[in-house]
Amino acid sequence: MSENEAVGSSGGLVPVTEGDWAGWSVWQGDAFEQRAGPFYERREDDGSMVAAFRAEERHMNGAGFMHGGCMMTFADSAIFTIATDALAGSHGVTMHLAGDFLDPARVGQLIEARGEVVRAGGKTIYVVGTIRADGAPVLSFNGIIRKITRR
């Protein structure tokens, strides 16, 4: 799927059936996320969720490392992937997102986010996680999701 196919299209989570990301899924219809990533997700054998993308030149800052805003955008997306089961099909918004940068990420690296829901009850979901670049930790993050009802 090209970036332009995602812009303005409706959809949701769509399985990828070909290429390097076969077996993963990607959100179709989220123009910002497609331009920033695209970001992929899948359920692991242990039931946990993982989000990932491949670092490209366009994700780098002037020093040649991944732009902090790109990493935080990915973390924002990843908290929803990690909280898939707690969201139980409902929508949500980010109430809080914080991150600690641990090391730079570079072009070509596989960027993966994993974590856990540490508390979920009512309309609030608390998530913690780590982003790794080729297995090395580059960002620790925590976020709070507020479940919402679409109008």
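## Focus: the overall build of the chain
Counting its secondary structure elements, the chain contains four helices and eight strands. The order of helices and strands in the chain, counted from the N terminus, is α-β-β-α-β-β-α-α-β-β-β-β. Taking 151 residues into account, the globule formula puts the C-alpha radius of gyration at 15 Å, and the chain, at 15 Å, falls close to it. Counting across all 151 residues of the chain, residues that qualify as buried make up 36%. Total accessible area on the chain is roughly 8,300 Å²; 48% of this is exposed by carbon and sulfur atoms. Put simply, the chain has 14 plus and 19 minus side-chain charges, and the middle of one group is 9 Å from the middle of the other.

## Examining the packing of aromatic side chains
If you walk through the whole model with that rule in mind, you get five aromatic pairs. Note on Trp-21 and Trp-24: the rings are 5.2 Å apart at their centroids and 80 degrees apart in plane angle, and the pair reads as edge-to-face. Considered together, Trp-21 and Trp-24 belong to a single accessibility category, that of buried residues. Chaining the aromatic ring pairs together yields one cluster made of Trp-21, Trp-24 and Tyr-40.

## Considering the pattern of salt bridges
In this structure the tally under the stated criterion is five salt bridges. Residue Arg-42 pairs with Glu-44 through a salt bridge whose shortest N-O separation is 2.8 Å. With a relative accessible area of 31%, Arg-42 lands in the partly exposed category. What makes Glu-44 buried here is its relative accessible area of 18%. For the salt bridge of Glu-112 with Arg-114, the shortest nitrogen-to-oxygen distance reads 3.5 Å. By relative accessible area, Arg-114 is classed as partly exposed at 34%. Salt bridges linked by common partners bring Arg-42, Glu-44, Glu-112 and Arg-114 together as one network.

Quick notes on the rules
- Residues numbered from 1 in each chain as written.
- Predicted model: local features only at pLDDT ≥ 70, side-chain atom pairs only at ≥ 80, totals over all residues.
- Heavy atoms only, no water.
- Helix = DSSP H or I, 4+ residues; strand = E, 2+ residues; numbered from the N terminus.
- Rg over C-alpha atoms; globule rule 2.2 N^0.38 Å.
- Buried < 20%, exposed > 50% of the residue type's maximum accessible area, 1.4 Å probe, protein only.
- Areas by Shrake-Rupley, 256 points an atom, 1.4 Å probe, with all protein chains shown as cover.
- Lys, Arg positive; Asp, Glu negative; His and termini not counted.
- Charge placed at Lys NZ, Arg CZ, Asp CG, Glu CD.
- Phe/Tyr/Trp six-rings, centres within 6.5 Å; stacked < 30°, edge-to-face > 60°.
- Salt bridge = Lys/Arg side-chain N within 4 Å of Asp/Glu carboxyl O.

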